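Chain by chain, the residues run as shown.
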Amino acid sequence: MSKLPETLDPADWETHRAVAHQMVDDAIDYIRDVRSRPVWQDMPPQVREQFRKGLSHEGMPLPNVYQQVMTEVFPFPMGNIHPRFWMWYMGASNFTGAMGDFLAAILGSNLGGGDHAAAEIDKQVIGWMKEMIGYPAEASGTLVSGGSMANLIGLTVARNVMSGIDLRNEGIGALSAPMRFYGSDQVHSCHRIAVEAMGLGNNALRRIPSDADCRMDLAALRTAITEDRASGLHPACVIATAGTVNTGAIDDLAAIADLCAEEGLWMHVDGCIGGLLAIAPKGRAMVNGIARADSIAIDPHKWLHAPFEVGCALVKDADAHLRTFTVTPEYLEAAPRGIASGAWLHDFGLQTSRGFRALKVWMALKEHGLAKFGRLIDQDLDHACYLSDRIIATPNLELCFPGVINIVCFRYDPGGLSEEALKRLNTEIMVRMQETGIAAVSDTTVRGRHCLRAAINNHRTLPSDLDMLTGEVVRLGEILAQNTRMKKG
Ligand SMILES: *Cc1c(COP(=O)(O)O)cnc(C)c1O
């Protein structure tokens, strides 16, 4: 051969070293100074244009690529690492976790299986998750992309175990009666996708009315199960939510565990929001009974603030978990020794290749310790109480729902406006706060009333940030309500 073979490695490592050092320096500044920037800002058209361009055949030097990232990507984030981001329900990430993702990518390992240190860490983190929830060491689990996938894993095991047939081979067409899953009317939308993807259909997920506290009404659940049995359906699984996405309500886990035991049903807990209350000194009591579940979904990229993505599915009966997903094609047969002698981690879910998402969780837990993560959860609960108190004490602000955890539903109501006009007004307040980059909250409808929603799942938030939120809502509310009146008059 006349030419050297090509490689993706740089011809000159020193240039790459310098750029990489610059990236780390910039990254540290970026996180350190996050408070001084807007939460979010709209992209100018010339920036957006850059992202519509086609593929280029020739490359450019890494410093130029990096330059583009710094000027066109970093100024325009979603905003969830900012101290005043309380929109939807996310974590705020953390620097150590981010370095974990970087190092995991440097190692570049595939966590589908094999005997190597990364695979050991994956299993260790699963073990730690079990400890956090109070699950037995013999239980099994897997790290997945997020809570939606973790719920799908748990519900799929439930479906297969409860089907009473060889569902893997025969499929749902062989079921003697349609299976029924139950969740409250507050259940997260991912469960609908799950039952649809599992071939059971959306109607297989019966929504049980929630009570005045937005918790599943257990009398209604009992009635539904009895009705379904009477009409020839097959009640299989109750999905209890530990922390609903709307208001943070926590279903009565202990009572649902009793009911499932009596009725012979699988109990799955969607703990994506509140499951980790189990590690918080003050929050712990709210999720009593969680460890009685047959399967649990938790979401480290929420209350453990791991960088996206990482979710975790836990299944108490490890054998049932394995039986649901294990496959050993000839190209994946285990060897007596060497790389292929390790456990197949792909046997616990839908992916074959898996990333080393455990490292970011492992490193942050090592650095900070479990106790600190528990205290941070309690701190969010305290912040939610603080915000609720401020709302109650502020004229024209209304607390729409008495929160139990870290979700606060409220609105600006100057009086004399219809529900429709209030929705328009509050939506405009929400959007303006985002556009000016001051704060990000979302909105929802609780018990028929539109409200703004602050999910304080953020280790950077200070009480003064919450003061700024109430101040800004009132300030914008006054201006906008004034305009409305002027238009009318
Ligand atoms: C966030 C959430 C999910 C989905 O989790 P992802 O990590 O976004 O996939 C499921 N259930 C509840 C209650 C959630 O809050």
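These numbers come from a predicted model, not from an experiment. (Residues numbered from 1 in each chain as written. Predicted model: local features only at pLDDT ≥ 70, side-chain atom pairs only at ≥ 80, totals over all residues. Heavy atoms only, no water.)

**Some words on the domain arrangement of the chain**
How large an interface is tends to be reported as the accessible area lost when its parts come together.
Reasoning step 1: Each assigned domain of the chain is listed with its residue range as follows: domain 1 (13-76), domain 2 (100-369) and domain 3 (372-488).
Reasoning step 2: The gap between the C-alpha centroids of domain 2 and domain 3 is 32 Å.
Reasoning step 3: On the domain 3 side, the residues contacting the 30 residues of domain 2 number 23 residues.
Reasoning step 4: Roughly 2200 Å² of surface becomes buried between domain 2 and domain 3 when both sides are summed, with 63% attributable to carbon and sulfur atoms.
Reasoning step 5: Contact with domain 3 buries surface across domain 2, with T247, W303 and H305 losing the most and accounting together for 31% of the total.
Reasoning step 6: The tally of links from domain 2 across to domain 3 stands at 1 salt bridge.
Reasoning step 7: When the shortest N-O distance is used, the salt bridge between K282 and D382 registers 3.0 Å.
Reasoning step 8: Where domain 2 meets domain 3, there are 13 residue pairs in polar contact (both at pLDDT 80 or more).
Reasoning step 9: Counting residues per element, the ones that place at least two in the side of domain 2 that touches domain 3 are α11 (300-303) and α13 (358-393). (Domains from an automatic or database assignment. Contact = heavy atoms within 4.5 Å. Buried area = accessible area lost by both parts, 1.4 Å probe. Salt bridge = Lys/Arg side-chain N within 4 Å of Asp/Glu carboxyl O. Polar contact = N/O pair within 3.5 Å; in protein donor to acceptor, adjacent residues only side chain to side chain. Helix = DSSP H or I, 4+ residues; strand = E, 2+ residues; numbered from the N terminus.)

**A few points about the side chain of H321**
Reasoning step 1: Inspection of the secondary structure assignment puts H321 in helix α12 (residues 318-325).
Reasoning step 2: Taking relative accessible area as the criterion, H321 reaches 0% and is therefore assigned buried. (Buried < 20%, exposed > 50% of the residue type's maximum accessible area, 1.4 Å probe, protein only.)

**Details of a nonpolar patch on the surface**
Reasoning step 1: On the surface, F102, L103 and I106 cluster together into a nonpolar patch covering about 300 Å² of accessible area.
Reasoning step 2: Checked against the element boundaries, F102 lands in helix α4 (residues 95-107).
Reasoning step 3: For F102, a relative accessible area of 44% puts it in the partly exposed group. (Patch = residues over 30% accessible without salt bridge, like charges linked within 9 Å, V, L, I, M, F, W, Y side chains within 5 Å. Areas by Shrake-Rupley, 256 points an atom, 1.4 Å probe, with all protein chains shown as cover.)

**A word on unusual backbone geometry**
Reasoning step 1: For the bond from F308 to E309, the omega torsion is 0 degrees, close enough to zero to count as cis.
Reasoning step 2: For S93, which is not glycine, the phi dihedral falls at a positive 60 degrees.
Reasoning step 3: Assignment of secondary structure puts S93 in the loop between α3 (62-72) and α4.
Reasoning step 4: Backbone geometry at H305 places phi at a positive 55 degrees, although glycine is not the residue there.

**Thoughts on the nonpolar core**
Reasoning step 1: Of all hydrophobic cores here, the largest spans 71 residues; its most connected members are M129, L221, M267, V269, I296 and L314.
Reasoning step 2: The leading source of residues in this core is α13, at 9 residues.
Reasoning step 3: Setting aside residues up to four positions removed in sequence, I296 forms contacts with I133, Y135, H268, V269, I290, C312, A313 and L314. (Core = buried A, V, L, I, M, F, W, Y, C linked by side-chain atoms within 4.5 Å.)

**Regarding empty space enclosed by the protein**
Reasoning step 1: What the rule picks out here adds up to 3 cavities of 30 Å³ or more.
Reasoning step 2: When grouped by side-chain class, the residues that make up the lining of the largest cavity number 4 nonpolar, 5 polar and 2 charged. (1 Å grid on protein atoms, 1.4 Å probe; cavity = no way out; pocket = protein on both sides within 12 Å on 5 of 7 lines; lining within 4 Å. Points joined across faces, edges and corners; volume = space filled by probe spheres on them. Nonpolar A, V, L, I, M, F, W, Y, C, P; charged D, E, K, R; others polar.)

**Brief notes about the site of the ligand**
Reasoning step 1: The immediate surroundings of the ligand are formed by 13 residues, with S148, D270, D299, H301 and K302 found nearest.
Reasoning step 2: Measuring from an oxygen atom of the ligand, one finds a side-chain N or O atom of S148 at 2.7 Å.
Reasoning step 3: Here the ligand has 380 Å² of accessible area as a free molecule, and 85% of this is covered by the chains.
Reasoning step 4: Elements with a minimum of two residues in the shell around the ligand: α6 (147-163) and α11.
Reasoning step 5: For the shell around the ligand, a count of residues per class yields 3 nonpolar, 7 polar and 3 charged. (Near = heavy atom within 4 Å.)

**Brief notes about the pairing of strand β1 (residues 140-144)**
Reasoning step 1: With 5 of its 5 residues buried, β1 lies for the most part within the structure.
Reasoning step 2: Side chains S140, T142 and V144 of β1 all project onto a buried face; the interleaved residues G141 and L143 project onto the opposite face, where all are buried too.
Reasoning step 3: The pairing of β1 with strand β7 (residues 311-315) spans 5 bridges and is antiparallel. Considered in β7, the bridge of T142 is made with A313. (Pairing = 2+ DSSP bridges.)

**Some thoughts on α4**
Reasoning step 1: An ideal rise of 1.5 Å per residue puts 18 Å on 13 residues; α4 measures up with 18 Å between its terminal C-alpha atoms.
Reasoning step 2: When α4 is considered as a whole, its buried residues turn out to be T96, G97, G100 and A104. The buried residues of α4 all sit within an arc of 95 degrees when viewed along its axis, so they share a single face. When the buried face of α4 is taken as reference, the exposed residues oriented beyond 90 degrees from it are A105 and I106.
Reasoning step 3: Structurally, α4 contributes buried residues whose contacts are with α13.
Reasoning step 4: Just beyond α4, the residue with positive phi is G108, at close to 65 degrees. (Expected span 1.5 Å × (residues − 1). Arc of directions from axis to C-beta.)

**Side note on the pattern of salt bridges**
Reasoning step 1: Overall, the coordinates contain 26 salt bridges when judged by the stated rule.
Reasoning step 2: Between R292 and D258 there is a salt bridge whose closest N-O contact spans 2.7 Å. Placement of R292 in the loop between β5 (266-270) and β6 (295-298) and of D258 in helix α10 (residues 253-263) is noted, with a sequence separation of 34 residues between them.
Reasoning step 3: By relative accessible area, R292 is classed as partly exposed at 40%.
Reasoning step 4: Residue D258 is classed as partly exposed on the basis of its relative accessible area of 38%.
Reasoning step 5: For the salt bridge of D467 with R390, the shortest nitrogen-to-oxygen distance reads 3.4 Å. Residue D467 is found in helix α15 (residues 463-488), and its partner R390 is found in helix α13; the two are separated by 77 residues along the sequence.
Reasoning step 6: Judged by relative accessible area, which is 26%, D467 ranks as partly exposed.
Reasoning step 7: Of the residues examined, R390 reaches a relative accessible area of 31% and is grouped as partly exposed.
Reasoning step 8: Linked by salt bridges that have partners in common, R180, R206, E227 and D228 make up one network.

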